[in-house]
Amino acid sequence: MGQGKPIVMLHGWSQSAEQFKYQIPVFAEHYQVIAVDLRGHGESEKVSFGYRISRLSKDIQELIGALQLEKPHLLGHSMGCSLIWSYLDLFGLDEIDRLVLVDQSPLVISRSHWNAQEIAESGAVFTAEQVNAAVHTLENGNALEMTRNLLTSMVMPAISKEQFEWIVECNQRLPRAIAAMLLYNHLHTDWRDQIVRIRKPTLIIAGRKSIIPWTSQVWINQSIPHSELEIFEAAEGGGHFMFIENPEKFNRRVLQFLSPSLEVS
């Protein structure tokens, strides 16, 4: 959608491109917008294989090649950031222009020997035992209840019931057994060694009240030279889905970063 320099938008775990509905038409006024339903997500085919971050990043590399996109910007939310970091690991970033990293921990699972600073900088929010239990529930237990509880922890109390139910509905489009497989792979990967290698203009966006600790986003900002950091405060919809809860500020900030000379109202 739109014309101009391409921007590829990558959603998070068990989400969909539809959740960028407040961004797509606005960004399309200035860019060619490609919002992707990742393998198995949204309207994409529910194949039974390939639910690993490495394979999903390869899918994106193949998409960029098939569409002949010239030095696109990449925007990733949550697990979408992990796809970007995997892309760096596998293919480098020479053919990518700017990066927008939205609210993803470098490593989600804590290690038993870590001190408080290491946990804060990595953004670890779960133990390995908690992840194993979540995966088991998605595969064999009350998956819908767990999904709703997890999403409740990701939004601000002020979100409307209608908007929250829409997020749940988008989330449910990924079959729960597949969601479990991908979640296990996603949460066990440590991206810190890749993040410190990034040498591209980068905007990091965080929420002060997000399930992802904002301290980890500060670490990412400090690890990528000349990167920019924007933290949405609680009153600004500063949860994990700030691009849904405060799309006006989100869109304005991203456009300002991608095109510093652009007049954005």
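Residues numbered from 1 in each chain as written. Predicted model: local features only at pLDDT ≥ 70, side-chain atom pairs only at ≥ 80, totals over all residues. Heavy atoms only, no water.

Participant: Help me get a handle on the packing of helix H6 (residues 143–152) against helix H7 (residues 161–171), residues and values and all.
Facilitator: Closest axis-to-axis distance for the H6/H7 pair is 10 Å, and the angle between their directions is 130 degrees. The orientation of H6 relative to H7 falls into the category oblique. In terms of crossing hand, the pair formed by H6 and H7 is right-handed. Between H6 and H7, the contacting residues are Leu144, Thr147, Arg148, Leu151 and Thr152 on the first element and Phe164, Glu165, Ile167, Val168 and Asn171 on the second. (Axes fitted to C-alpha atoms, helices over the stretch in contact; angles between N-to-C directions. Helix = DSSP H or I, 4+ residues; strand = E, 2+ residues; numbered from the N terminus. Parallel < 35°, antiparallel > 145°, perpendicular 65-115°, else oblique. Left-handed = near helix turned anticlockwise from the far one by under 90°. Contact = heavy atoms within 4.5 Å.)

Participant: Any chance you could break down the packing of helix H2 (residues 53–66) against helix H3 (residues 79–91) for me, citing the residues and the numbers?
Facilitator: Between H2 and H3, whose axes approach to 8 Å, the crossing angle comes to 75 degrees. Here H2 lies roughly perpendicular to H3, going by the angle between them. Contacts between H2 and H3 involve Ile53, Ser54, Leu56, Ser57, Lys58, Ile60, Gln61 and Ile64 on the former and, on the latter, Met79, Ser82, Leu83, Ser86, Tyr87, Leu90 and Phe91.

Participant: Give a description of the sheet that holds strand E1 (residues 6–10) that names residues and reports values.
Facilitator: A sheet is described by the order of its strands in space; here 6 strands give the open sequence E2-E1-E3-E4-E5-E6, paired in parallel fashion. Looking at strand neighbours, the two that pair on one side only are strand E2 (32–36) and strand E6 (228–232), the edges of this open sheet. The average undirected angle you get between the axes of adjacent strands in this sheet is 15 degrees. Where helix H10 (residues 214–223) meets the sheet, it contacts strand E4 (99–102), strand E5 (202–207) and E6, and its direction lies at approximately 170 degrees from that of E5. Contacting E1, strand E3 (73–77), E4, E5 and E6, helix H12 (residues 247–258) crosses the sheet at an angle of about 175 degrees to E6. (Pairing = 2+ DSSP bridges.)

Participant: Tell me about the packing of aromatic side chains, and name the residues and values.
Facilitator: The way to describe two aromatic rings as a pair is by their centre distance and the angle between their planes. Under the defined criterion, the tally for this structure stands at 5 aromatic pairs. An angle of 75 degrees between the planes, with centres 6.4 Å apart, marks the rings of Tyr22 and Trp166 as edge-to-face. You can see Tyr22 sitting in the loop between E1 and helix H1 (24–27) and its partner Trp166 sitting in helix H7, a full 144 residues away along the chain. Given the relative accessible area of 12%, Trp166 is considered buried. Look at Tyr87 and Phe91: their rings are 5.1 Å apart centre to centre, the planes differ by 65 degrees, and that puts the pair in the edge-to-face class. (Phe/Tyr/Trp six-rings, centres within 6.5 Å; stacked < 30°, edge-to-face > 60°. Buried < 20%, exposed > 50% of the residue type's maximum accessible area, 1.4 Å probe, protein only.)

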